[in-house]
Amino acid sequence: MKNRFAAIFFALAAVIFAFPSVSSAGSAHNMSGFAWSSTIGWISFNCTNDSSCATADYGVNKDADGTLNGYAWSSNVGWIQFSGLSSFPTGGGTSAVNAQMSGSSLIGWVKAVAADGNGWDGWIALSGTGYGVTLSGTAFTGYAWGSDTVGWISWNCLSDSSCGAASYAVSLSGDASLDITSGGSTIVGSSSVPYGTIPTFQWTLTTLPVGTTCAVSKTSSGGTAFTTISGITSSGSASGDPLTEGPYTFQIQCMNGGSTLVTKTASFTVASQPPGFDLGPSETAFIQFLNAGEATSQQKSIFVSAFGGFSNPVTISITGFPAAPASTTFSYSLGGSAFSANPPSVVISSPYSSGTTLKIRVTRVSGAPAFTGNFTVTLTGTAAGASADTKDIVLTPTTFVPAFQEF
């Protein structure tokens, strides 16, 4: 063994000088960190690990299709090549291919190039029967095997429970983060986000490998529905819908070549809906002129819906009066009152089932232009201990079409 390593070291000097520039640049490769062999020591996957890029630019890259290429470096056995190899050896459970991802596992072979003609073959299997290297998040774990000379290669201190003595790992570069804000302030981690808050989802992607795509999704149940935002390839943001009561957890997950590189979560809790009421959605009130002078719209019913235990009286008033066309006047009957340009308010008390009514009358002088267009009348409900709510009634002309019916 001693003579074998002597031959290796003499060959190594020639190999070093034969690679004045192994590849483009260490910072351009997306794999970094160290692996460990109890036989040959540390194996560096990127020149940025030891600030040696000015002397020898090297690194290993995982491409979008899952193939690995480039060079790693060992001060004991020299350059370890990750692509462009052929005439692979055989071994139990191994794959006769260049280094590549298969799902979350590495398969294939790499080679210490200084071994050629120096008493050993230099081949290192990334997986085989009973061993292998897998990607979990952005870090690789497990063992590769390099025969008697190289031995077992640990890709993560977690693999051999040595992190307390030496923390190391081979990992993919890049990261992703997810923040959820309202009004420019984060709500992540809050236990009392106000009911009805409209969230903004902001994601930041940092130097993720080419071909990586991310998705933001809701992983919690209940609350406001959320449609997954997928196909994310750069930093950005999107708005969500008003949040209802409950705990929320959202996730950003980034994938590359079938492997999960990053999974981050952001959680918060939305408080229960405060006591209050609403008047319901906007409605259309049709009006039909059968003669030139005057017409009254269909009657619309307005009901109060309370929530959160609310029971105070609600005052309903007309607060939005549309501008009438020339030679035309509007008048209103709220709650059955006489038609007036500004009718009195109506107070509705719990249990609110009676509601109130609204009719709109349009009066035109002789020769006035035809009554066309839509006109919006706004009702506002106010009550102690609750936010005001509005409801629009859209006055819409309709044309009477005579129809023949046989009885």
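Not measured: the values here are computed from a predicted model. (Residues numbered from 1 in each chain as written. Predicted model: local features only at pLDDT ≥ 70, side-chain atom pairs only at ≥ 80, totals over all residues. Heavy atoms only, no water.)

Participant: Any details on the sheet that holds strand 15 (residues 175–182)? Residues and values, ideally.
Facilitator: With respect to topology, 4 strands assemble into an open sheet ordered 16-15-17-20, the strand pairing being antiparallel. Each edge of the sheet is formed by a strand with only one pairing partner; in this case those strands are strand 16 (185–186) and strand 20 (236–239). In terms of strand pairing, strand 17 (residues 200–206) meets strand 20 through 4 bridges, oriented antiparallel. Pairing of Thr200 across the sheet is with Ser239, part of strand 20. (Pairing = 2+ DSSP bridges. Helix = DSSP H or I, 4+ residues; strand = E, 2+ residues; numbered from the N terminus.)

Participant: Please set out the confidence of the model for the protein residue by residue, giving values where relevant.
Facilitator: Averaged over all residues, the pLDDT of the protein equals 88, while 91% of them reach at least 70. Counting contacts from residues 1–26, a segment whose pLDDT is below 50, to residues more than four positions away or on other chains yields 46 contacts. (pLDDT = per-residue confidence, 0-100. Contact = heavy atoms within 4.5 Å.)

Participant: Can you break down the nonpolar core residue by residue, with the values?
Facilitator: Generally speaking, soluble globular proteins have nonpolar side chains that are buried together. By size, the foremost hydrophobic cluster in this structure holds 51 residues, and its most contacted members are Met31, Phe45, Phe82, Phe140, Trp155, Ile252 and Phe268. A per-element tally of this core places strand 22 (residues 259–270) first, with 5 residues. Beyond its immediate chain neighbours, meaning those up to four positions away, Phe82 contacts Phe45, Val60, Leu68, Asn69, Gly70, Ala72, Ala99, Val110 and Trp155. Grouped together as the second largest cluster of nonpolar side chains are 27 residues, Ile318, Tyr332, Phe371 and Ile393 included. (Core = buried A, V, L, I, M, F, W, Y, C linked by side-chain atoms within 4.5 Å. Buried < 20%, exposed > 50% of the residue type's maximum accessible area, 1.4 Å probe, protein only.)

Participant: If you had to explain the pattern of salt bridges to someone new, which residues and values would you point to?
Facilitator: Under the criterion given, the structure shown has 4 salt bridges. The partner of Lys264 in a salt bridge is Asp175, with the nearest N and O atoms 3.0 Å apart. Residue Lys264 is located in strand 22, and its partner Asp175 is located in strand 15; the two are separated by 89 residues in the primary sequence. What makes Asp175 partly exposed here is its relative accessible area of 34%. Among the charged side chains, a salt-bridge network with shared partners connects Glu283, Lys300 and Lys391. (Salt bridge = Lys/Arg side-chain N within 4 Å of Asp/Glu carboxyl O.)

Participant: Residue-level account of the environment of Thr263, with values.
Facilitator: Note on placement: Thr263 falls in strand 22. Residue classification places Thr263 among the partly exposed positions, given a relative accessible area of 39%. In this structure, the C-alpha to C-alpha distance between Thr263 and Leu208, residues 55 residues apart in sequence, is 13 Å. Residues in contact with Thr263, not counting those within four places in the same chain, are Gln251, Ile252 and Gln253. For Thr263, the side chain forms a polar contact with the side chain of Gln253, separated by 3.3 Å. (Polar contact = N/O pair within 3.5 Å; in protein donor to acceptor, adjacent residues only side chain to side chain.)

Participant: Would you mind going over the state of the cysteines in detail, with residue names and values included?
Facilitator: Scanning the model with the defined rule gives 3 disulfides in all. Paired by a disulfide, Cys47 and Cys53 hold their sulfur atoms 1.9 Å apart. Residues Cys47 and Cys53 are joined through a disulfide that is right-handed, its torsion about the S-S bond being 95°. The exposure class assigned to Cys47 is buried, which follows from its relative accessible area of 0%. Put simply, Cys157 and Cys163 are joined by a disulfide, and their sulfur atoms are 1.9 Å apart. (Disulfide = S-S within 2.5 Å.)

Participant: Explain the packing of aromatic side chains to me, and be specific about the residues and the numbers.
Facilitator: The tally for this structure, following the rule as stated, stands at 26 aromatic pairs. Centre to centre, the rings of Tyr71 and Trp79 are 6.3 Å apart; their planes meet at 75°, and the pair counts as edge-to-face. For Tyr71, a relative accessible area of 15% puts it in the buried group. With centroids separated by 5.2 Å and ring planes inclined at 20°, the aromatic side chains of Phe371 and Phe375 adopt a geometry described as stacked. Residue classification places Phe371 among the buried residues on the basis of a relative accessible area of 9%. For Phe375, a relative accessible area of 12% corresponds to the buried category. An aromatic cluster is defined as three or more aromatic residues linked by ring pairs; in this entry it consists of Phe201, Phe226, Tyr248, Phe250 and Phe268. Over the ring of Phe339 we find Arg361; its NZ or CZ atom is 3.9 Å from the centre of that ring. In this structure, Arg364 packs its charged tip against the face of Phe289, placed 4.4 Å from the ring centre. (Phe/Tyr/Trp six-rings, centres within 6.5 Å; stacked < 30°, edge-to-face > 60°. Lys NZ or Arg CZ within 6 Å of the ring centre and 35° of its normal.)

Participant: So what's going on with the sheet that holds strand 22? Residues and values would help.
Facilitator: Spatially, 4 strands are ordered 19-18-21-22 in an open sheet, and the strand pairing comes out antiparallel. Each end of this open sheet is capped by a strand with a single partner; those strands are strand 19 (229–232) and strand 22. Each adjacent strand pair in this sheet contributes to an overall mean axis angle of 15°, direction not counted. Sheet topology note: the strand 21 (residues 246–256)/strand 22 ladder contains 11 bridges and is antiparallel. Each residue of the ladder has a partner; that of Ile252, found in strand 22, is Lys264. (Axes fitted to C-alpha atoms, helices over the stretch in contact; angles between N-to-C directions.)

Participant: Run through the environment of Phe330, naming residues and quoting values.
Facilitator: Among the secondary structure elements, Phe330 is positioned in strand 29 (residues 328–334). In this structure Phe330 comes out as buried when scored by relative accessible area, which is 10%. Each residue touching Phe330, except ones within four places of it in the same chain, is listed here: Pro322, Ala323, Ala324, Pro325, Ala341, Arg361, Val362, Phe371, Phe375 and Leu395.

Participant: Go over the pairing of strand 8 (residues 109–112), please, and point to the residues and values.
Facilitator: Residues of strand 8 alternate between two faces, with Trp109 and Lys111 on one and Val110 and Ala112 on the opposite face, all of them buried. Note: strand 5 (residues 78–81) against strand 8, 2 bridges, orientation antiparallel. Bridging from a neighbouring strand, Gln81 pairs with Lys111 of strand 8.

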